[in-house]
Amino acid sequence: MYRYDEFDKGFVAGRVEQFRDQVARRLSGELDEEQFKPLRLMNGVYLQLHAYMLRVAIPYGTLSSRQLRKLAFIARRYDRGYGHFTTRQNIQFNWPALADCPDILNELAEVEMHAIQTSGNCIRNVTADQFAGAGADEIEDPRPYAEILRQWSSLHPEYSFLPRKFKIAVNGAAKDRAALQVHDIGYQIVRNDRGETGFSVYLGGGQGRTPMVAHKIRDFLPKADLLAYTNAILRIYNLEGRRDNKYRARIKILVHEKGAEDIRAEVEREFVEHREDALTLPQAEIDRIRAYFAPPVLAKRAPISTAVEARKAKDSAFARFVAQNVAPHKAPGYGIVTISLKPIGGIPGDASAEWMEAIADLAETYSQDELRVAHEQNLVLPHVALDDLPLLFDRLAPLGLATANTGLVTDIIACPGLDYCALATARSIPIAQRLSERFGDGARAEEIGELKVNISGCINACGHHHVGHIGILGLEKSGTEAYQITLGGSADETCSIGEIAGRSFSSEEIVDAIEAVVDTYLKIRTDKSEDFLTAYRRVGMDPFKEALYERG
Amino acid sequence: MPKVVSANRLADGIVVYIGPDGTWLEALGKAKIFETEAEAETGLLAASNDAKRNLILDPFVVEVVRDEAGLSAVSLRNAIRARGPTIDFTPRTGIQTARTERS
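Conventions used here
Residues numbered from 1 in each chain as written. Chains lettered and ligands numbered in written order. Predicted model: local features only at pLDDT ≥ 70, side-chain atom pairs only at ≥ 80, totals over all residues. Heavy atoms only, no water. Patch = residues over 30% accessible without salt bridge, like charges linked within 9 Å, V, L, I, M, F, W, Y side chains within 5 Å. Areas by Shrake-Rupley, 256 points an atom, 1.4 Å probe, with all protein chains shown as cover. Salt bridge = Lys/Arg side-chain N within 4 Å of Asp/Glu carboxyl O. Helix = DSSP H or I, 4+ residues; strand = E, 2+ residues; numbered from the N terminus. Buried < 20%, exposed > 50% of the residue type's maximum accessible area, 1.4 Å probe, protein only. Contact = heavy atoms within 4.5 Å. Buried area = accessible area lost by both parts, 1.4 Å probe. Polar contact = N/O pair within 3.5 Å; in protein donor to acceptor, adjacent residues only side chain to side chain. Nonpolar A, V, L, I, M, F, W, Y, C, P; charged D, E, K, R; others polar. Lys, Arg positive; Asp, Glu negative; His and termini not counted. Core = buried A, V, L, I, M, F, W, Y, C linked by side-chain atoms within 4.5 Å. Pairing = 2+ DSSP bridges. Axes fitted to C-alpha atoms, helices over the stretch in contact; angles between N-to-C directions.

Draft legend 1. Focus on a nonpolar patch on the surface. Residues and elements named next belong to chain B. Judged by side-chain polarity, M1, V65 and V74 come together as a nonpolar surface patch covering roughly 250 Å² of accessible area. Within the secondary structure, V65 is located in strand β4 (residues 56-67). V65 gets classed as partly exposed once you look at its relative accessible area, which sits at 33%.

What follows is the structure in structure tokens.
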């Protein structure tokens, strides 16, 4: 993992003290709210419905056990005993006192964490796919490049006041697990025909009220040019992005208005013109950062674990867990374990301090002290020996952390919604809980197969409803909650924005409506191997619409 | 429609309501009720002064109804603001005393 050097340490510590002074001046009245609000937002402190909310950055979703323990400590000492993992791999605390925030940031700094650029019109936390550094299908670990982008963009003077926020994701395998094409910039690591790795560049994707799939504007960008190319994009956006209308200010609007071909040509011109200025990455520097992410030394193991096979044969719960939550690792005899933060009827992405501590202990024992946060709001143990899976499962199960539902209908992405968020128009969490209970943890969910249900409590789409195979958008209609269904969205390499099925449903109706959609899929699929998205793409909206709106 | 004046407390952000004696209270049920638009405006003005005195943030008027159970906010948003999240968010394992890291 990346470790802070003296510069990073001094920088973050300096920021904490600066914020401590700002908070003191706010509490004494020396600063008014108008002066203070941009300062608190730059340090991740929002004001939500019930209290302040602190969003802590988890760069590229990578955590150590020590860091997760610190998050647990903060949850207990300064909050109400839990935190919420978000769709951008961050964690949010829902109840911190403003007066405590400098102390919390100080605690975070002790474990090389901070809340810088988790808000505001700047370059936000750079995300990466959650199997980074471990996935069997990985071309190259995306995290060194995410880290390089993070260092370059931290407090970048030119990009601290962009027209709007700016989100970058880097994905390291052909399978897109980082939702690249709904980011402002998505960097997909690819290998060219000379065997060199570099990036395909996707520009101008995003969700919110104007969802757009990114355009691929370059097939292959050499690694040395990562910053120069990003800089070219940001310069154009900073200059030409709209500042007159907050809702038209993201780069996706600029790309849409200018056209992908024009913006590509403009980026290329800007890039070529300034390529030699200063931003070419020296190989030595790339190597230096990559060294921080060197794969852990894993003992050689047989590719098949007899312990796992024996347990699978006699324990169907364990077999389901392995089938659903364990992904192939690049090292033989190892697996990547997803710990679902979606227990049946639970709150997606919420983790208690006890869970965080227990998971930190398990990461230390079974996963080389490493963890990842998935944008699907789960935690991941990236380096688990297959032989340890029975032991790990036996420790997860009593904690309620062995739900075998990764990628299934109950692995629901949900934003905090109107239960917490000042922007929300409807609740998300109770809908997720009811759906989860409806489909349950048994044969039914398994029979349905891969199905991503994403729920947002407002048009800002933090719950990624546009790219859910089934998306649910919570709205407010004449003072009551209403839920609109979209179908056929996808966040992977076949990215698409879901289509609106029709009129919205009441809170009472929505779970039955989703069940009708699922039942329709089960009826129309050719066989179990045809997943929901494939079936939807084959048959289109009509049968689903019929099931939703022409029921007796 | 009766009204109350709400805000968030500056130091900890917690939702508060202006009480009969002008202090800020956490319970909607104990808030001072303004029967008319004009009265609510006066309440809001007092609240704005408290915002200037750095006690609270973003004061606004909340429409309420009175019934046997007492006062409750009319809109769902304000009802959730008053009562807290509608979900059982308390971790199942329970909140325990902070473990001291340095000990």
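Now that the structure is up, let's keep going.
Draft legend 2. Up close: the pattern of salt bridges. All names here are of chain A. Evaluated as defined, the whole model comprises 57 salt bridges over all chains. A salt bridge links D137 to R177, with the shortest nitrogen-to-oxygen separation between them at 3.0 Å. Here D137 is found in the loop between β6 (127-128) and α5 (143-153), whereas its partner R177 is found in the loop between β7 (168-171) and β8 (185-191), with 40 residues between them in sequence. Residues joined by salt bridges that share partners form a network here, namely R438, R444, D512, E515 and D519.

Draft legend 3. Region of the structure containing the interface of chain A and chain B. Contacts between the two partners involve 43 residues from chain A and, on the opposite side, 33 residues from chain B. Of all residues in chain A, the largest losses of buried area upon contact with chain B belong to L49(A), H50(A) and R76(A), amounting jointly to 18% of the total for that side. The interface formed by chain A and chain B includes zero salt bridges. Taken together, the links from chain A to chain B amount to seven residue pairs in polar contact (both at pLDDT 80 or more). Taken together, the elements giving at least two residues each to the side of chain A that touches chain B come down to α1 (6-28), α3 (65-78), α4 (101-110), α12 (353-366) and α14 (429-439) of chain A. Sort the elements by how many residues they give to the side of chain A that touches chain B and α3(A) lands first, with five residues. A breakdown of the residues in the side of chain A that touches chain B according to their chemical character gives 20 nonpolar, nine polar and 14 charged.

Draft legend 4. View of the side chain of D79(A). Residues and elements named next belong to chain A. Mapped onto the elements of the fold, D79 is located in the loop between α3 and β4 (82-85). Buried charge without a salt bridge: D79, with R80 as the nearest opposite-charge side chain at an N-O distance of 6.1 Å. From its side chain, D79 meets the backbone nitrogen of W95 in a polar contact 2.7 Å long. Excluding residues within four positions of it along the chain, D79 makes contact with I74, F93, N94, W95 and P96.

Draft legend 5. Molecular detail of the nonpolar core. Residue and element names in this part refer to chain A. Among the nonpolar cores identified, the biggest contains 62 residues, and L68, L71, F85, L381, L389 and L392 are the most heavily contacted of them. When residues of this core are assigned to their parent elements, the largest contribution, eight residues, is made by α12. With sequence-adjacent residues up to four places away left out, L71 is seen in contact with V56, I58, L63, I91, F93, L108, M113 and M356.

Draft legend 6. Inspection of the sheet that holds strand β11 (residues 326-328) of chain A at higher detail. Residue and element names in this part refer to chain A. Spatial strand order, β3-β14-β15-β12-β11: five strands in an open sheet with antiparallel pairing. Each edge of the sheet is formed by a strand with only one pairing partner; in this case those strands are β3 (62-64) and β11. With strand direction ignored, the average angle separating the axes of adjacent strands in the sheet is 35°. Where helix α13 (residues 389-396) meets the sheet, it contacts β11, β12 (334-339) and β15 (379-385), and its direction lies at approximately 150° from that of β15.

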